[in-house]
There are 2 protein chains.
Amino acid sequence: MTSTETGFVLAVHGGAGTVPRVDATASLTALHHTGLRRALIAGRDILAVGGRAIDAVTAAVVVLEDDPLFNAGRGSVFTATGTQEMDASVMDGSDHRAGAVAGILGPRNPVLAARAVMERSNQVFLIGEGALAFCREQGIAFAEPSYFYSEKRWRELQHELAGRRREMPIVTAEQGHGTVGAVARDRHGNLAAATSTGGMVGKTPGRVGDSPIIGAGIYADNGTCAVSATGHGEFFMRYGAAFEVAARMRYANQSLQLAARSVVDGLAAMGGSGGLVAVDRTRALAMPFNTAGMYRGYVQDGGAIHTAVYDEPYQAGPH
Amino acid sequence: MTSTETGFVLAVHGGAGTVPRVDATASLTALHHTGLRRALIAGRDILAVGGRAIDAVTAAVVVLEDDPLFNAGRGSVFTATGTQEMDASVMDGSDHRAGAVAGILGPRNPVLAARAVMERSNQVFLIGEGALAFCREQGIAFAEPSYFYSEKRWRELQHELAGRRREMPIVTAEQGHGTVGAVARDRHGNLAAATSTGGMVGKTPGRVGDSPIIGAGIYADNGTCAVSATGHGEFFMRYGAAFEVAARMRYANQSLQLAARSVVDGLAAMGGSGGLVAVDRTRALAMPFNTAGMYRGYVQDGGAIHTAVYDEPYQAGPH
């Protein structure tokens, strides 16, 4: 039994800019719904027994990283040179602690690497070889390169490179914006966020987007909101997208809905496609996007699990 | 001849948390003043002929990077393993374009690498080997490792490591907070910022602080302000320090002075030592710090060059 004041809410995304609706087969769409649902269940099971928001968002993102369908962890895309470089971050709104990693290949779950940086180091952000050395010291689970390889992602890279050779680069929306993330408000009123990505298909090696940047692809502050973003990362960095949602709430007294929608619309006006998921301390929820779709879902305390891809009604599953 | 409306202003910093006043010899202090003055002259000479803010802040930071006295470029400190890893960023407030690099050793002026990312790539942030490959492609000037080596910095590392072995780490304020930066408002009303650092002495390899993070150690937006920060980077990232100054101006209608002071005081309350330099479109200037001192200086259109370290009156030099 939970009151409105003390209930939890959890939202996840699996990237904005989806497979164009006309190309999306029913079976592929069903797999996306299943993946989102599994992530929501993992986080919900923690929140439903009074667990912490930071644990719920971490668990939800682990599930999405383990699912080869999403561009993070196991399903990460390839860079222009055929390597893989993953970025991830976590932030706890109760104390503004944060952890992030960028440019890593090895840890099975990059979000757990980010979590370790937050909890077991004096740093916030570790990159490349230094980040990997830290992960090894901390006993973070690594996977073989073959674990992260898939024919599908390799073909996506070849397709993109072939397009570039014809001077018609084909970074489709799905490929461009694959990122996963979660935000939660737990029964204690704490907010948290987590974000993880393989980046953009065919990206320049060394390129880091908004996912591991505090204030761009992630932000959490108990006084305002928790945000996880997905989209054309360069725009989200240049406009401080996640921080901007919080700033509008704190200083302009905007609602979460208005702040989140305004930021996503503002990015669209600048040419920055994408979306975000956000929750606030009152359990309000916002999931705006300026693309054709955004893989997304949410669950509220005592409620059903809801998932959607485009602007269709949410699919509601059993409690 | 310039009007108040159209005049320029340029401010620089060479790090907050200075040599304790009791230890600062007159000759060392004089060298710091000279270094700051040279940076201000370089930027001033661009602004005084109608040049752009982005060019002025870049030029000022190049001078500070070339000066072995400051912890950036040539004078970068060493990591715990005796390597050097530099971070830098630039941002143009007229169009929110930004460029940043992290974890690089090679380019003589990391700020020029960041500038190239901004102007000659589709990315905002490049790290490590990927960033170096980009710099080589772009013909950015590299220096030999010996260029970046100094006995003084090496001794600082040994001193810090010895302190850690005695479980009394000695990250002095100067060593901890060495970062350089510049902000400017040009005669056309455009704002820009640049930040560059070697990081913290004895840092974990792979550690990235706030200097290359848009919204943390740097921000520029013609509508509000340009900010370059220096301090305990983890706190500046967790609280989005540079973005926060702009948000308070935009949404809470705070003056630059109030916003900048509030952010630096707020960081102090959280345990985050440091400071920042900031300018706005009305040519207002703020240089707050919560440490014993901050190497800093400014010049306004038609005025003298002013430099200071602690809370003493500014030294004013000839026009």
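Here, every reference points to the structure presented above.
Cut-offs used in this document
- Residues numbered from 1 in each chain as written.
- Chains lettered and ligands numbered in written order.
- Predicted model: local features only at pLDDT ≥ 70, side-chain atom pairs only at ≥ 80, totals over all residues.
- Heavy atoms only, no water.
- Pairing = 2+ DSSP bridges.
- Helix = DSSP H or I, 4+ residues; strand = E, 2+ residues; numbered from the N terminus.
- Axes fitted to C-alpha atoms, helices over the stretch in contact; angles between N-to-C directions.
- Contact = heavy atoms within 4.5 Å.
- Phe/Tyr/Trp six-rings, centres within 6.5 Å; stacked < 30°, edge-to-face > 60°.
- Buried < 20%, exposed > 50% of the residue type's maximum accessible area, 1.4 Å probe, protein only.
- Lys NZ or Arg CZ within 6 Å of the ring centre and 35° of its normal.

**A short note on the sheet that holds strand E4 (residues 125–127) of chain B**
All names here are of chain B.
Turning to step 1, where the next piece is worked out: Within the open sheet, the nine strands sit side by side as E4-E3-E2-E6-E5-E1-E12-E13-E14. Their pairing is mixed. Bordering the open sheet on either side are E4 and strand E14 (315–317), each of which pairs with just one other strand. Neighbour to neighbour, the strand axes of the sheet diverge by 10° on average, direction disregarded.
Turning to step 2, where the next piece is worked out: As paired strands, strand E2 (residues 86–92) and strand E3 (residues 97–104) are joined by six bridges and run antiparallel to one another. Residue pairing across strands places Ala88 opposite Val101, the latter belonging to E3.
Turning to step 3, where the next piece is worked out: Lying on the sheet, helix H1 (residues 26–47) is in contact with strand E1 (9–16), strand E5 (180–185), strand E12 (294–300), strand E13 (305–308) and E14; it crosses E13 at an angle near 150°.
Turning to step 4, where the next piece is worked out: Each of E2, E3, E4 and strand E6 (191–197) touches helix H3 (residues 110–120); the most contacted strand, E3, lies at about 135° to it.

**Points about the packing of aromatic side chains**
Turning to step 1, where the next piece is worked out: One pass over the full model with this rule turns up 15 aromatic pairs over all chains.
Turning to step 2, where the next piece is worked out: Look at Phe70 of chain A and Tyr295 of chain A: their rings are 6.2 Å apart centre to centre, the planes differ by 80°, and that puts the pair in the edge-to-face class. Note that Phe70 of chain A is positioned in the loop between helix H2 (53–66) and strand E2 (86–92) and Tyr295 of chain A in strand E11 (residues 294–300), a separation of 225 residues in sequence. In this pair, the class of Phe70 of chain A matches that of Tyr295 of chain A, namely buried.
Turning to step 3, where the next piece is worked out: Both rings, one in Tyr149 of chain B and one in Trp154 of chain B, keep their centres 6.2 Å apart while their planes meet at 45°; by these two values the pair is tilted.
Turning to step 4, where the next piece is worked out: Trp154 of chain B sits in the partly exposed class, given a relative accessible area of 30%.
Turning to step 5, where the next piece is worked out: Members of the aromatic cluster, joined through ring pairs, are Tyr219 and Phe243 of chain A together with Tyr219 and Phe243 of chain B.
Turning to step 6, where the next piece is worked out: The ring of Tyr147 of chain B has Arg108 of chain B sitting right over it, with the charged end atom 4.2 Å from the ring centre.

These results come straight from atomic positions and should not be treated as a statement about function.
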